[in-house]
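Results of the structural survey
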Amino acid sequence: MTVQNIMLMGHPVLMRPSAPVDDPTAPEIALLIEDMRDTMRAAGGVGIAAPQIGVGKRVVMFYTPEDGNGGGDSTDEGLRAAITERPLTILINPEIVALTDEQRDGWEGCLSVPGLRGVVPRYTHIRYRGLAPDGSAIDRVATGFHAVVVQHECDHLDGILYPMRMVDMSTLQYVGAAEGVAVRAPGGETEAAA
Ligand code: NI
(Lines give C-alpha, C1' and ligand atoms only; values in the text may rest on other atoms or scores of the structure.)
Protein backbone atom coordinates (compact mmCIF):
# COMPACT_ATOMS: atom_id res chain seq x y z
CA MET A 1 0.00 0.00 0.00
CA THR A 2 1.43 3.32 -1.06
CA VAL A 3 -0.42 6.37 0.10
CA GLN A 4 1.01 9.34 -1.79
CA ASN A 5 0.93 13.00 -0.87
CA ILE A 6 -1.97 14.93 -2.38
CA MET A 7 -0.98 18.01 -4.36
CA LEU A 8 -2.72 21.22 -3.31
CA MET A 9 -4.37 23.90 -5.45
CA GLY A 10 -1.53 26.07 -6.72
CA HIS A 11 0.82 23.19 -7.62
CA PRO A 12 1.68 23.44 -11.35
CA VAL A 13 0.75 19.80 -12.06
CA LEU A 14 -2.86 20.63 -11.11
CA MET A 15 -2.99 23.74 -13.27
CA ARG A 16 -1.93 22.33 -16.66
CA PRO A 17 -3.31 19.66 -19.04
CA SER A 18 -2.12 16.11 -18.41
CA ALA A 19 -0.64 13.88 -21.12
CA PRO A 20 -2.51 10.99 -22.78
CA VAL A 21 -1.51 7.45 -21.77
CA ASP A 22 0.06 5.50 -24.66
CA ASP A 23 -0.35 2.02 -23.19
CA PRO A 24 -3.03 1.53 -20.48
CA THR A 25 -1.61 -1.92 -19.70
CA ALA A 26 1.95 -0.68 -19.00
CA PRO A 27 3.34 -1.66 -15.58
CA GLU A 28 3.87 1.97 -14.55
CA ILE A 29 0.19 2.67 -15.16
CA ALA A 30 -0.77 -0.29 -12.96
CA LEU A 31 1.44 1.15 -10.20
CA LEU A 32 -0.05 4.62 -10.69
CA ILE A 33 -3.57 3.19 -10.38
CA GLU A 34 -2.63 1.33 -7.19
CA ASP A 35 -1.20 4.51 -5.64
CA MET A 36 -4.26 6.54 -6.67
CA ARG A 37 -6.62 3.98 -5.14
CA ASP A 38 -4.67 3.76 -1.88
CA THR A 39 -4.42 7.54 -1.61
CA MET A 40 -8.09 8.16 -2.42
CA ARG A 41 -9.22 5.59 0.14
CA ALA A 42 -6.89 6.91 2.84
CA ALA A 43 -8.23 10.42 2.25
CA GLY A 44 -11.88 9.34 2.15
CA GLY A 45 -12.43 10.67 -1.38
CA VAL A 46 -15.09 9.59 -3.85
CA GLY A 47 -12.75 10.08 -6.80
CA ILE A 48 -9.21 11.11 -7.69
CA ALA A 49 -7.20 12.12 -10.74
CA ALA A 50 -3.52 11.27 -11.40
CA PRO A 51 -2.29 14.90 -11.20
CA GLN A 52 -3.57 15.03 -7.63
CA ILE A 53 -0.74 12.68 -6.65
CA GLY A 54 1.69 14.61 -8.82
CA VAL A 55 1.49 12.56 -12.04
CA GLY A 56 0.44 14.46 -15.17
CA LYS A 57 -1.22 11.54 -16.98
CA ARG A 58 -4.83 11.19 -18.11
CA VAL A 59 -6.07 8.68 -15.53
CA VAL A 60 -9.03 9.13 -13.19
CA MET A 61 -10.99 6.87 -10.87
CA PHE A 62 -14.28 7.32 -9.09
CA TYR A 63 -16.99 5.39 -7.35
CA THR A 64 -20.05 4.94 -9.53
CA PRO A 65 -23.19 5.66 -7.55
CA GLU A 66 -26.51 4.50 -8.88
CA ASP A 67 -28.43 7.10 -10.82
CA GLY A 68 -30.77 9.35 -8.93
CA ASN A 69 -28.40 10.55 -6.24
CA GLY A 70 -29.81 14.02 -6.54
CA GLY A 71 -27.97 17.30 -6.66
CA GLY A 72 -24.47 15.99 -6.22
CA ASP A 73 -23.25 16.96 -2.77
CA SER A 74 -19.80 15.42 -2.60
CA THR A 75 -19.28 17.11 0.76
CA ASP A 76 -22.13 15.18 2.39
CA GLU A 77 -20.73 12.53 4.76
CA GLY A 78 -23.71 10.21 4.43
CA LEU A 79 -23.66 10.22 0.64
CA ARG A 80 -19.91 9.69 0.62
CA ALA A 81 -20.20 6.67 2.90
CA ALA A 82 -22.99 5.22 0.76
CA ILE A 83 -21.23 5.54 -2.57
CA THR A 84 -17.84 4.23 -1.47
CA GLU A 85 -19.56 0.85 -1.28
CA ARG A 86 -20.25 1.09 -5.00
CA PRO A 87 -17.95 -0.26 -7.75
CA LEU A 88 -14.84 1.75 -8.60
CA THR A 89 -14.39 2.83 -12.20
CA ILE A 90 -10.86 3.42 -13.52
CA LEU A 91 -10.85 5.49 -16.68
CA ILE A 92 -7.86 6.23 -18.92
CA ASN A 93 -7.80 8.95 -21.61
CA PRO A 94 -11.43 9.89 -20.88
CA GLU A 95 -13.66 12.02 -23.08
CA ILE A 96 -16.95 13.58 -22.05
CA VAL A 97 -19.84 14.74 -24.21
CA ALA A 98 -22.73 16.66 -22.63
CA LEU A 99 -26.07 15.15 -23.73
CA THR A 100 -28.05 18.19 -22.60
CA ASP A 101 -27.66 21.93 -22.15
CA GLU A 102 -29.17 21.60 -18.69
CA GLN A 103 -26.90 22.24 -15.75
CA ARG A 104 -27.67 21.81 -12.07
CA ASP A 105 -25.97 23.40 -9.06
CA GLY A 106 -24.46 21.14 -6.41
CA TRP A 107 -21.95 21.32 -3.59
CA GLU A 108 -18.47 20.03 -4.40
CA GLY A 109 -15.30 19.50 -2.48
CA CYS A 110 -11.86 18.38 -3.64
CA LEU A 111 -8.95 16.56 -2.01
CA SER A 112 -6.65 19.24 -3.48
CA VAL A 113 -8.71 22.05 -1.92
CA PRO A 114 -9.04 20.67 1.62
CA GLY A 115 -11.57 22.04 4.07
CA LEU A 116 -13.53 24.03 1.50
CA ARG A 117 -16.67 23.48 -0.52
CA GLY A 118 -18.60 25.48 -3.08
CA VAL A 119 -21.58 25.34 -5.41
CA VAL A 120 -20.72 24.32 -8.97
CA PRO A 121 -23.02 24.02 -12.02
CA ARG A 122 -22.57 20.71 -13.91
CA TYR A 123 -24.26 19.04 -16.84
CA THR A 124 -27.01 16.70 -15.66
CA HIS A 125 -26.67 14.15 -18.45
CA ILE A 126 -23.39 13.11 -20.06
CA ARG A 127 -21.77 10.36 -22.07
CA TYR A 128 -18.22 9.39 -21.20
CA ARG A 129 -15.76 7.16 -22.97
CA GLY A 130 -12.26 5.93 -22.26
CA LEU A 131 -10.16 2.86 -21.65
CA ALA A 132 -10.09 0.44 -18.73
CA PRO A 133 -6.71 -0.69 -17.32
CA ASP A 134 -6.91 -3.87 -19.45
CA GLY A 135 -7.24 -1.72 -22.59
CA SER A 136 -10.92 -2.46 -23.15
CA ALA A 137 -13.33 0.34 -24.02
CA ILE A 138 -15.66 2.00 -21.52
CA ASP A 139 -18.68 3.83 -22.94
CA ARG A 140 -21.38 4.96 -20.54
CA VAL A 141 -24.18 7.42 -20.02
CA ALA A 142 -24.36 9.06 -16.59
CA THR A 143 -26.79 11.30 -14.73
CA GLY A 144 -27.11 12.68 -11.22
CA PHE A 145 -24.14 12.45 -8.86
CA HIS A 146 -22.42 9.99 -11.20
CA ALA A 147 -22.29 12.67 -13.91
CA VAL A 148 -21.01 15.28 -11.44
CA VAL A 149 -18.12 13.12 -10.22
CA VAL A 150 -17.00 12.25 -13.76
CA GLN A 151 -17.00 15.93 -14.80
CA HIS A 152 -15.09 16.93 -11.65
CA GLU A 153 -12.40 14.26 -12.10
CA CYS A 154 -11.96 14.79 -15.84
CA ASP A 155 -11.60 18.55 -15.27
CA HIS A 156 -8.46 17.75 -13.26
CA LEU A 157 -6.88 16.38 -16.46
CA ASP A 158 -7.35 19.77 -18.12
CA GLY A 159 -5.93 21.79 -15.25
CA ILE A 160 -9.36 22.86 -13.96
CA LEU A 161 -10.28 22.83 -10.27
CA TYR A 162 -13.89 23.25 -9.17
CA PRO A 163 -13.49 26.85 -7.92
CA MET A 164 -12.68 27.76 -11.54
CA ARG A 165 -16.16 26.46 -12.52
CA MET A 166 -18.02 28.35 -9.79
CA VAL A 167 -20.45 31.06 -10.84
CA ASP A 168 -21.37 32.33 -7.37
CA MET A 169 -18.13 32.70 -5.39
CA SER A 170 -20.14 33.74 -2.32
CA THR A 171 -20.90 30.04 -1.80
CA LEU A 172 -17.20 29.17 -1.30
CA GLN A 173 -16.96 28.27 2.36
CA TYR A 174 -15.11 26.20 4.92
CA VAL A 175 -16.88 22.96 5.73
CA GLY A 176 -18.57 23.51 9.10
CA ALA A 177 -18.22 27.28 9.04
CA ALA A 178 -21.97 27.79 8.66
CA GLU A 179 -22.47 25.71 11.81
CA GLY A 180 -19.99 27.84 13.76
CA VAL A 181 -16.71 25.96 13.33
CA ALA A 182 -14.03 28.58 13.94
CA VAL A 183 -10.31 28.94 14.55
CA ARG A 184 -8.55 30.40 17.54
CA ALA A 185 -6.64 33.54 16.71
CA PRO A 186 -2.93 33.36 17.57
CA GLY A 187 -2.40 34.82 21.03
CA GLY A 188 -6.14 35.28 21.38
CA GLU A 189 -6.17 33.86 24.88
CA THR A 190 -4.21 36.70 26.47
CA GLU A 191 -5.30 40.26 25.68
CA ALA A 192 -8.56 41.46 24.20
CA ALA A 193 -8.04 43.02 20.79
CA ALA A 194 -10.20 44.60 18.13
NI1 NI B 1 -10.93 17.12 -7.12
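The following paragraphs examine the structure supplied in this document. (Residues numbered from 1 in each chain as written. Predicted model: local features only at pLDDT ≥ 70, side-chain atom pairs only at ≥ 80, totals over all residues. Heavy atoms only, no water.)

Quick word on the side chain of threonine 64
Among the structural elements, threonine 64 can be located in the loop between strand 2 (59–63) and helix 3 (77–83). When its relative accessible area of 10% is taken as the criterion, threonine 64 is described as buried. In this structure the side chain of threonine 64 is engaged in a polar contact, spanning 3.0 Å, whose partner is the backbone oxygen of proline 87. (Helix = DSSP H or I, 4+ residues; strand = E, 2+ residues; numbered from the N terminus. Buried < 20%, exposed > 50% of the residue type's maximum accessible area, 1.4 Å probe, protein only. Polar contact = N/O pair within 3.5 Å; in protein donor to acceptor, adjacent residues only side chain to side chain.)

Overview of the sheet that holds strand 7 (residues 137–143)
If you trace the five strands from one edge of the open sheet to the other, you get 1-2-3-6-7, paired in antiparallel fashion. Because the sheet does not close on itself, it has two edges, and the strands there are strand 1 (47–49) and strand 7. For this sheet, the mean angle separating the axes of adjacent strands, direction not counted, is 40°. The strands that helix 2 (residues 27–43) touches are strand 1, strand 2 and strand 3 (88–98); relative to strand 2, the one it contacts most, it runs at about 40°. (Pairing = 2+ DSSP bridges. Axes fitted to C-alpha atoms, helices over the stretch in contact; angles between N-to-C directions. Contact = heavy atoms within 4.5 Å.)

Digging into the coordination of the nickel ion
The nickel ion binds to the protein through Cys110 (SG), His152 (NE2) and His156 (NE2); the donor distances cover 2.1 to 2.3 Å. Positions of the donor residues of the nickel ion along the chain correspond to the pattern C-x41-H-x3-H. Of this pair, cysteine 110 sits in the loop between strand 4 (103–108) and strand 5 (116–123) while histidine 156 sits in helix 4 (residues 144–156), placing them 46 residues apart in sequence. For the pair cysteine 110 and histidine 156, a shared accessibility class is recorded, and that class is buried. (Donors = N, O, S within 2.8 Å, 3.2 Å for Na, K, Ca; no water.)

Considering the sheet that holds strand 4
Reading across from one edge, 4-5-8 is the order of the three strands in this open sheet, with antiparallel pairing throughout. Where the open sheet ends on each side, the last strands, each with one partner, are strand 4 and strand 8 (173–174). Pairing geometry for strand 4 and strand 5, over six bridges, is antiparallel. Its bridge partner being in strand 5, aspartate 105 is matched across the sheet by proline 121. Contacts from helix 4 reach strand 4 and strand 5, with the element oriented near 105° to strand 5.

Looking at the nonpolar core
In this structure, Val60, Phe62, Leu91, Ile126, Tyr128 and Val150 are the most contacted members of the largest nonpolar core, which totals 16 residues. If one sorts the elements of this core by residue count, helix 4 sits on top with five residues. Not counting residues up to four positions away in its chain, the partners in contact with tyrosine 128 are Phe62, Thr64, Leu91, Glu95, Ile96, Ile138, Asp139, Arg140, Ala142, His146 and Val150. One finds Met40, Ile48, Met61 and Tyr63 within the second-largest nonpolar core, a separate group that totals 15 residues. (Core = buried A, V, L, I, M, F, W, Y, C linked by side-chain atoms within 4.5 Å.)

What about the pattern of salt bridges?
What the rule picks out here adds up to five salt bridges. The partner of glutamate 108 in a salt bridge is arginine 122, with the nearest N and O atoms 2.7 Å apart. Pair noted here: glutamate 108 is in strand 4 and arginine 122 is in strand 5, with a separation of 14 residues, a long-range link. A single burial state applies to glutamate 108 and to arginine 122, both of which are buried. (Salt bridge = Lys/Arg side-chain N within 4 Å of Asp/Glu carboxyl O.)

Some points on the environment of alanine 30
One can find alanine 30 in helix 2. Considered as a pair, alanine 30 and proline 133 are 103 residues apart in the sequence and their alpha carbons are 7.4 Å apart.

Side note on unusual backbone geometry
Although it is not a glycine, asparagine 93 adopts a positive phi angle of roughly 50°. One can find asparagine 93 in strand 3. Overall, asparagine 93 belongs to the partly exposed group, its relative accessible area being 22%.

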